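# Notes for the structure review
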Amino acid sequence: MRYRLTFVAGLALGYVLGTRAGRERYEQLRKTAQQVAQNPAVRNTAESAAQQGREFAGKAYHVVSEKVGDRVPDSVAERVRHLRERNTNGTRTDDDWGTGNT
């Protein structure tokens, strides 16, 4: 209950401060966030993190599939097989999660 009360108090405080700051401050923060997101160093770091995430996900997939084996329902196994085939045939440029173009 204490966490909910703290969360609601934080929301209320954020709302009050946000309304007092006004539209100008919002636009200033939005513009700064856009500039940071478009920075080449930030974009490269994000792409590196996404690539590492894809590699770790692939390793985890193999570890889990070895341990789970035939216990996966056929519908799930067929869906995974379909997604893997689609990616290897070159019909999609992004990964299964839609993050390949980041």
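For the structure given in this document, a descriptive report is provided here. As the structure is a prediction and not an experimental result, all values here were calculated from the model.

## Structural notes on the overall build of the protein chain
Scanning the protein chain from terminus to terminus reveals three helices and zero strands. Of the regular secondary structure in the protein chain, the N- to C-terminal order runs α-α-α.

## Examining the pattern of salt bridges
Opposite charge on two side chains makes pairing possible when the charged atoms of those side chains draw close. Per the stated rule, a full pass over the model turns up two salt bridges. The closest approach of N and O atoms between Arg54 and Glu47, which form a salt bridge, is 3.0 Å. On the accessibility criterion, Arg54 (22% relative accessible area) is partly exposed.

## A word on the environment of Tyr61
Along the chain, Tyr61 falls in helix H2 (residues 40-68). Assessed through its relative accessible area of 33%, Tyr61 is described here as partly exposed. Discounting residues that sit within four places of it in the chain, Tyr61 has contacts with Val80 and Arg84.

## Re helix H1 (residues 2-38)
With 37 residues, H1 ought to run about 54 Å at 1.5 Å a step, yet its terminal C-alpha atoms sit only 39 Å apart, falling short of that. The sharpest bend along H1 reaches about 100° and sits at Gly22.

## Things to note about H2
Helix length check: H2, at 29 residues, gives a terminal C-alpha distance of 41 Å against a target of 42 Å (1.5 Å per residue), a fit within 8%. Here H2 starts with a cap whose side-chain oxygen sits 2.9 Å from the backbone nitrogen of Ala41, and that cap is Asn39.

## Remarks on a nonpolar patch on the surface
Taken together, the side chains of Phe7, Val8 and Leu11 make up a nonpolar region of the molecular surface, amounting to roughly 320 Å² of accessible area. Residue Val8 is classed as exposed on the basis of its relative accessible area, which comes to 51%.

Rules used in this analysis
- Residues numbered from 1 in each chain as written.
- Predicted model: local features only at pLDDT ≥ 70, side-chain atom pairs only at ≥ 80, totals over all residues.
- Heavy atoms only, no water.
- Helix = DSSP H or I, 4+ residues; strand = E, 2+ residues; numbered from the N terminus.
- Salt bridge = Lys/Arg side-chain N within 4 Å of Asp/Glu carboxyl O.
- Buried < 20%, exposed > 50% of the residue type's maximum accessible area, 1.4 Å probe, protein only.
- Contact = heavy atoms within 4.5 Å.
- Expected span 1.5 Å × (residues − 1).
- Bend = angle between axes of the 7 residues up to and from the residue.
- Polar contact = N/O pair within 3.5 Å; in protein donor to acceptor, adjacent residues only side chain to side chain.
- Patch = residues over 30% accessible without salt bridge, like charges linked within 9 Å, V, L, I, M, F, W, Y side chains within 5 Å.
- Areas by Shrake-Rupley, 256 points an atom, 1.4 Å probe, with all protein chains shown as cover.

Keep in mind that these numbers describe shape and distance, not what the molecule does.
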